[in-house]
Amino acid sequence: MCSLTPSDLQRIFEKLDMNGDGILSLEELNVLLEKTGFKFSIEELESLVGKQVLDFSEFLFFYDSMLKQNNEEEKETKGEGCVEIEEVEGDLVKAFKVFDLDGDGFITSHELECVLKRLGMWDECSGKDCRTMICSYDTNLDGKLDFQEFKDMMLLTTS
């Protein structure tokens, strides 16, 4: 899970709040989850979230809770051996394939933009952000991310 700034989280919240009422329903949250490959029933989500709707501060709390839970699980699994490492690696490969639209082994800023559009999280300002994000983690300066650069980015942003 990426460590996002409050303004990033505000933009995500606003994108997810499809009806603009200032609260996020589980249905609205589930749209994002489904687009990213997660399948939850509304009942499962309510059990996970603990509420039927979230305002922005509750969304932040939920995000922070998920981030902390992810970090705790990561600490626990570090001592459990290769199986967990292989699972993490497999999850990263799956995530990489979501962004590598043409299957060439690289993520370009255009591919990142396309995925963000599909998720409903792209606006005109994001185009520059896509290039900036790619450049931030592009260690060999070829203008795109290979799997190792993507993996390094994901592991850096979750720690």
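Residues numbered from 1 in each chain as written. Predicted model: local features only at pLDDT ≥ 70, side-chain atom pairs only at ≥ 80, totals over all residues. Heavy atoms only, no water.

As annotated in an unreviewed UniProt entry, the protein is Probable calcium-binding protein CML44 from Abrus precatorius.

Student: Talk me through the overall build of the protein; I want residue IDs and the actual numbers.
Tutor: When helices and strands are tallied, the protein shows eight helices and two strands. Reading the secondary structure of the protein in the N-to-C direction produces α-β-α-α-β-α-α-α-α-α. Sorting the 159 residues of the protein into buried and exposed places 30% on the buried side. For the protein, long-range pairs separated by at least 24 residues make up 52% of all intrachain contacts whose partners lie at least 6 apart in sequence. Carbon together with sulfur atoms contributes 58% to the accessible area of the protein, which is approximately 9,900 Å² in total. (Helix = DSSP H or I, 4+ residues; strand = E, 2+ residues; numbered from the N terminus. Buried < 20%, exposed > 50% of the residue type's maximum accessible area, 1.4 Å probe, protein only. Contact = heavy atoms within 4.5 Å. Areas by Shrake-Rupley, 256 points an atom, 1.4 Å probe, with all protein chains shown as cover.)

Student: Got a sec to walk through unusual backbone geometry? Specific residues and values, please.
Tutor: In the Ramachandran plot, L141 falls in the positive-phi region, its phi being about 60° despite a non-glycine side chain. Here L141 shows up in the loop between α7 (126–137) and α8 (147–158). With relative accessibility at 72%, the residue L141 sits in the exposed group.

Student: Outline the nonpolar core, listing residues and values.
Tutor: The nonpolar side chains of a soluble globular protein tend to be buried with one another. With 31 residues, the main nonpolar core has L16, L24, L29, F59, I107 and F150 as its most contacted residues. Of all the secondary structure elements, the ones that give two or more residues to this core are α1 (6–16), α2 (26–35), α3 (42–49), α4 (56–78), α5 (82–99), α6 (109–118), α7 and α8. Look past the residues within four positions of L24 in its chain and what remains in contact with it is F13, L16, D17, L29, Q52, V53, L54 and F59. (Core = buried A, V, L, I, M, F, W, Y, C linked by side-chain atoms within 4.5 Å.)

Student: A description of the packing of aromatic side chains should follow, citing residues and the corresponding values.
Tutor: Within the structure shown, the criterion is met by five aromatic pairs. For the ring pair F13 and F56, a centre distance of 5.4 Å and an interplane angle of 75° mean the geometry is edge-to-face. Taken together, the residues F13 in helix α1 and F56 in helix α4 connect sequence positions 43 residues apart. According to the relative accessible area criterion, F13 is buried, its value standing at 4%. Measuring from ring centre to ring centre gives 5.6 Å for F96 and F147, while their planes differ by 85°; the resulting arrangement is edge-to-face. One end of the pair, F96, is in helix α5; the other, F147, is in helix α8, with 51 residues separating them in the sequence. A network of ring pairs unites the aromatic residues F96, F99, F147 and F150 as a single cluster. Here the basic side chain of K144 rests over the ring of F106, its NZ or CZ set 4.3 Å away from the ring centre. (Phe/Tyr/Trp six-rings, centres within 6.5 Å; stacked < 30°, edge-to-face > 60°. Lys NZ or Arg CZ within 6 Å of the ring centre and 35° of its normal.)

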